[in-house]
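Single-letter residue listing:
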2 protein chains.
Amino acid sequence: MRHLTATQIARLLDVDRTARPYYRALAQAVRGLIRDGQIPVHVRMPAERHLAETLQVSRTTVTAAYDQLREQGYLGSRQGSGSWTSLPDPATTSDNPWLSVDDDGLLQLHCAAPPATSRLQPAMVAAVEDVPRYAMGTGYDPMGLPHLRERIAARYTERGLATRPEQILVTTGSQHAIQLVMSLLVGQGDPVIVESPTYPHAIDVARQHGARIVPVGISQEGWQLDLVSAAMRQSGARMAYLMPDFNNPTGALMDDATRAAIVGEARRSDTILLIDETWAELAMDEVPRTAAMAAFDTDSRVISIGSASKLWWGGLRIGWVRTTAALARRLAVQRSAVDIASPVLEQLVVARLFDEFAQTRAERSRTLRASRDALVAALREHLPEWSFSVPRGGGTLWIRLDRGGATPLAEAAAHHGVRLAPGPWFGVDGALEGYLRLPFTQPPQVLAEGVAKIAEARRRGPVGPRPTGASLIPTV
Amino acid sequence: MRHLTATQIARLLDVDRTARPYYRALAQAVRGLIRDGQIPVHVRMPAERHLAETLQVSRTTVTAAYDQLREQGYLGSRQGSGSWTSLPDPATTSDNPWLSVDDDGLLQLHCAAPPATSRLQPAMVAAVEDVPRYAMGTGYDPMGLPHLRERIAARYTERGLATRPEQILVTTGSQHAIQLVMSLLVGQGDPVIVESPTYPHAIDVARQHGARIVPVGISQEGWQLDLVSAAMRQSGARMAYLMPDFNNPTGALMDDATRAAIVGEARRSDTILLIDETWAELAMDEVPRTAAMAAFDTDSRVISIGSASKLWWGGLRIGWVRTTAALARRLAVQRSAVDIASPVLEQLVVARLFDEFAQTRAERSRTLRASRDALVAALREHLPEWSFSVPRGGGTLWIRLDRGGATPLAEAAAHHGVRLAPGPWFGVDGALEGYLRLPFTQPPQVLAEGVAKIAEARRRGPVGPRPTGASLIPTV
């Protein structure tokens, strides 16, 4: 996205009209939108005159607000090209923000990975019996075992999206799927749209391939179609990486009308849609029935990604891509330079796990709901100042802090025994500092304990010896 | 390598001194060396005068030979900068040479992947029992399970190379290990030395990261130290990817003196040595005891790669990197954008398989020896014109054809039911057309049948309908 209209800004703003001086309230609101990633960095703001007209305030008020934003480093100006959003001190994070302390008894609340389903062990026992059929072969099937691809395709069809096994490529986890797709389709300098906030390691991959990241702000309530459309058109986006089915971290669910409109817009701007459905099967409450994003596709521009990690277990490292048979094959060729093929036994385990798909899903739904409710209750008790919407699916709560930044809070929390994922990990340019993601993929008592420690960290700040070492557990 | 001295050329040449006209024999010999990758493409040849002196022939003879090579496209000249080796028609291979027909009953003799060890199934049964210990966790350990890393480190120590578990990173196969290391350490335009011939998918990875590939010819008898050294110095190589322990495809084994000298040279030219030991445990005969390449390392420039694929099974997709603890950790961070971590169950299976390491190794050695001997016997019977050295380790035979190219032979063989890996797949710039790699990782009767079909293909050329479809089975 390169510019925002006055109308778009006005709709995003939530300013108390009675605040005095009003210009300061206006500046604060814009600052908040930039920090929260609702307004991306490097976007041109509307001319003062236009914004004044739209907000029905005096031009002097807007000028004063812009001046203050400029002073504080949230706006930059270039002669003759208006004002651009920026951040005062782009968080100069250390080498890799996904590293933090480990093996020191910290609660891992920076990671949204549920423990293994109870059905895992029996499925493994059964799968081992299936191995001898493959043991005389090379063990390499870059597309994935046909038997598993059939199961995956059948599940898409059951969801209402007719799918043939040839359209499925089995990958070594959904991260690997993102890697393969971007490696093939994203080149140096290509604009790639991501939601802000979004899944961090997808941004890593896009950056690795030299993409220009174009963030589009979304809120817990979801996507604003005109922002997504404008970003696609203005950036000439090569690809948009979206999570319409319980966005990680917000848990937002895209409605059918928005899905249809975004696919239509992608068609017009010739943008590939990479749709990450890692959390798609993880609804906890009754949600409106939505069609898979690919159901609105008419010209093969929607590539879907799925995963065994959330429903069954991340330790399986099995994911998949659904696309055209031709592209699935090209991706399989691509992986000869990455990992050649996925492990046979894990694929057989996942094929077995599909046998009890509905039951596992119901079970996960119950467990996640109990954990979510426990987390919500603990937060309301210990940290009532924090605000959030309660998501109906996914595995994470996206919390708006009342004051202070999430990064110092995470630092303090580590001293109190909890590892956190502060908002900026889910955005670009250091935005989202006013947010914190908390997963509810752990058991209720762990979450209650975690929240108590976080509240203490917030009250007391960093105390005692700083935990040493660094964790390699990813922020999934 | 940028130039070859007259002495180096002279040593490589094998010209019948009585041949007339001698210049033609000389040209033919040089042509052979270029086609076979012994002399890389784009290397400056010595001045005619120098070569004449060294060969003790008249300058006219060398001039005539160079002229013929130039006419045939094996030499290019640029004003004032001498003559450069080239190839007449750089094999413009189709999209990906690793694809060929599949699922049509062809024997897969393009792939050197043994079937699973008989010990696999019991190890899997046992490993499933180990899973519950991990099932409450995230399942993500980017470094690899400590238990497996201990087993791998212990095996290095047993081989005479003291190793701590912190120095080991478990990967999703050795291809993935190559990918991670090059991704971290090789940048756009960096010179990377590879043996010619070498493992093809390593070249793929280097290319993907924008490396400039610098091939160094090796023969079945092995490495010529001064060629490797000259290539390192002249190219300013960032990295050299070498397989001293049964090079794939030649089966050559590097002696200790050469190992020490190459590590020393790498130190002087500040070249990282990426040592692929995928085949290191697969000796079939008594071989001289050699130390691991890393045993000669004094300043942490040797990175070793190992794999479970050849000893146990490729379908496991488990490999590893041995390096410094610090670099192992950086590689683990790197993989957050690739595959996050390796599957837990497969790691537990490999840890179990280490329990019977010596027995499995002896078993594999016997099986490979029987298959190798069957392949050698079949070739001597059906194709006595072909020449090769019998390797004492590894899983492949590197065959020199008596006439014709390997690519048309592979094409004809596909018509006769066998998929082959022609020489150019193992080199760069289309060299090595006079060679063919045959694996002996399949049972003796399969190999005997395969050779009979190849002999028929050679006699009759392509016949009948051309097989359709394309295989994704990699050329490992």
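Within each chain, residue numbers correspond to sequence positions counted from 1 in written order. The naming scheme follows written order: chains are lettered A onward, ligands numbered 1 onward. Local features in this predicted model are restricted to residues of pLDDT 70 or higher, and side-chain atom pairs are both shown and tallied only at a pLDDT of 80 or more, whereas totals for entire chains, interfaces and linings draw on every residue. As a rule here, side-chain values come from all non-hydrogen atoms in the structure, and water together with hydrogens is ignored.

Before going further, it helps to spend a moment on the overall build of chain A. Secondary structure follows DSSP: runs of H or I at least 4 residues long count as helices, runs of E at least 2 residues long count as strands, and numbering of each begins at the N terminus. Across its full length, chain A holds 16 helices and 13 strands. Principal-axis analysis of the C-alpha atoms places the extent of chain A at approximately 80 × 55 × 40 Å. Note on contacts: a residue pair qualifies if any of its non-hydrogen atoms lie within 4.5 Å across the two residues. The long-range share in chain A, meaning contacts at least 24 apart out of those at least 6 apart in sequence, stands at 76%. The Shrake-Rupley method, run with a 1.4 Å probe, gives the accessible areas here. Residue values count only the displayed protein chains as cover. Surface exposure of chain A reaches about 17400 Å², of which carbon and sulfur atoms provide 49%.

The subject of this paragraph is the interface of chain A and chain B. In this complex, chain A contributes 64 residues to the contact, which on the side of chain B involves 64 residues. Surface buried jointly by chain A and chain B totals about 4900 Å² across both partners, of which 67% is contributed by carbon and sulfur atoms. By salt bridge we mean one thing: a side-chain nitrogen of Lys or Arg within 4 Å of a carboxyl oxygen of Asp or Glu. Linking chain A with chain B are 0 salt bridges. Polar contacts, as counted here, are pairs of nitrogen or oxygen atoms within 3.5 Å of one another; within protein the pair requires one atom able to donate a hydrogen and one able to accept it, and residues that are adjacent in sequence qualify only if both atoms are side-chain atoms. Inspection of the region where chain A meets chain B yields 19 residue pairs in polar contact (both at pLDDT 80 or more). Mapped by element, the contributors of at least two residues to the side of chain A that touches chain B are helix 5 (120–130), helix 6 (132–135), helix 8 (174–185), helix 9 (200–208), helix 12 (325–334) and helix 13 (344–353) of chain A. Basically, the charged four are Asp, Glu, Lys and Arg, the nonpolar ten are Ala, Val, Leu, Ile, Met, Phe, Trp, Tyr, Cys and Pro, and anything else, Gly included, counts as polar. Split by residue class, the side of chain A that touches chain B holds 38 nonpolar, 19 polar and 7 charged. Accessible area that two parts lose when put together, evaluated with a 1.4 Å probe and summed over both, is termed the buried area.

Our focus in this paragraph is the sheet that holds strand 6 (residues 212–217) of chain A. Residues and elements named next belong to chain A. A pair of strands is considered paired only if DSSP assigns at least 2 bridges between the two. Taken together, the 7 strands give an open sheet; going across it, the order is 4-10-9-8-7-5-6, and neighbouring strands pair in mixed fashion. Of all strands in the sheet, those bounded by a partner on one side alone are strand 4 (168–171) and strand 6. Across the sheet, the mean angle separating the axes of adjacent strands is 20 degrees when strand polarity is ignored. As defined by bridge partners, strand 7 (residues 239–242) adjoins strand 8 (residues 272–276) across 4 bridges and the pair is classed as parallel. In the strand pairing of strand 8, Leu 242 is matched with Ile 275. Orientation is described by axes fitted as lines to C-alpha atoms, over the contacting stretch for helices, and by angles from 0 to 180 degrees between their N-to-C directions. Sheet strands touched by helix 7 (residues 146–158): strand 4, strand 9 (302–307) and strand 10 (319–322). Its angle to strand 4, the strand with the most contacts, is close to 120 degrees.

Residue and element names in this part refer to chain A. Closest axis-to-axis distance for the helix 8/helix 12 pair is 10 Å, and the angle between their directions is 100 degrees. Between helix 8 and helix 12, the crossing angle belongs to the class labelled roughly perpendicular. When helix 8 is examined against helix 12, the residues Leu 180, Val 181, Ser 183, Leu 184 and Leu 185 are found in contact with a partner set consisting of Leu 327, Arg 330, Leu 331 and Gln 334. Its residues assigned to classes, the contact of helix 8 with helix 12 comprises 6 nonpolar, 2 polar and 1 charged. Oblique is the label for any angle not under 35 degrees, not over 145, and not in the 65 to 115 range, which are roughly parallel, roughly antiparallel and roughly perpendicular in turn.

Turning our eyes to something else, we now look at the confidence of the model for chain A. Residues and elements named next belong to chain A. Per residue, pLDDT measures the predictor's confidence, with a range of 0 to 100. Taken residue by residue, chain A gives an average pLDDT of 91. The fraction at 70 or more is 95%. In this model, residues 89–102 is a region of pLDDT below 50 whose contacts with residues beyond four sequence positions or in other chains number 36 contacts. Interface confidence in the predicted complex, given as ipTM, is 0.82; pTM for the same model is 0.84.

Residues and elements named next belong to chain B. Within the secondary structure, Ala 127 sits in helix 5 (residues 120–130). A sequence separation of 217 residues divides Ala 127 from Val 344, and the C-alpha atoms of the two residues are 9.7 Å apart. What Ala 127 contacts, discounting residues up to four positions off in sequence, is Leu 345, Leu 348, Val 349 and Arg 352.

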